[in-house]
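Architecture and fold: a report
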Amino acid sequence: MDARIRQLRDRARHLADAARNADSMVDYNRLMSESAKAEDEADELEAQRYDREAAHG
């Protein structure tokens, strides 16, 4: 799970960087939206991991 979280965080960072270099606002908005989705998924996985760890002691 840690690898997946790192992968999502890296993807989010890459997409945000690409958005800052986008040629149009449409591309910027699309890339930032994809970046936010990757961050949200990583946050959800971290919350699930935390809940599992808390439940086991």
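What comes next is a walk through the structure. (Residues numbered from 1 in each chain as written. Predicted model: local features only at pLDDT ≥ 70, side-chain atom pairs only at ≥ 80, totals over all residues. Heavy atoms only, no water.)

One finds Ile5, Leu8, Ala12, Ala38, Ala42 and Leu45 forming the largest nonpolar core, which totals six residues. Elements with a contribution of two residues or more to this core: α1 (2-20) and α2 (25-55). In contact with Ala42, other than residues within four places in its own chain, are Ile5, Leu8 and Arg9. (Core = buried A, V, L, I, M, F, W, Y, C linked by side-chain atoms within 4.5 Å. Buried < 20%, exposed > 50% of the residue type's maximum accessible area, 1.4 Å probe, protein only. Helix = DSSP H or I, 4+ residues; strand = E, 2+ residues; numbered from the N terminus. Contact = heavy atoms within 4.5 Å.)

With that out of the way, let us pick up the environment of Ser33. Structurally, the position occupied by Ser33 is in helix α2. In the structure, Ser33 is positioned 14 residues away from Ala19 in sequence and 9.6 Å away in space, judged by C-alpha atoms.

Moving on, we come to α2. A rise of 1.5 Å per residue sets the reference length of α2, with its 31 residues, at 45 Å; its end C-alpha atoms lie 44 Å apart and thus fit the reference within 8%. Among the residues making up α2, those that are buried are Leu31, Ser35, Ala38, Ala42 and Leu45. For α2, the elements touching its buried residues are α1. Count one or two residues on from α2 and you reach Gly57, which has phi positive near 125°. (Expected span 1.5 Å × (residues − 1).)

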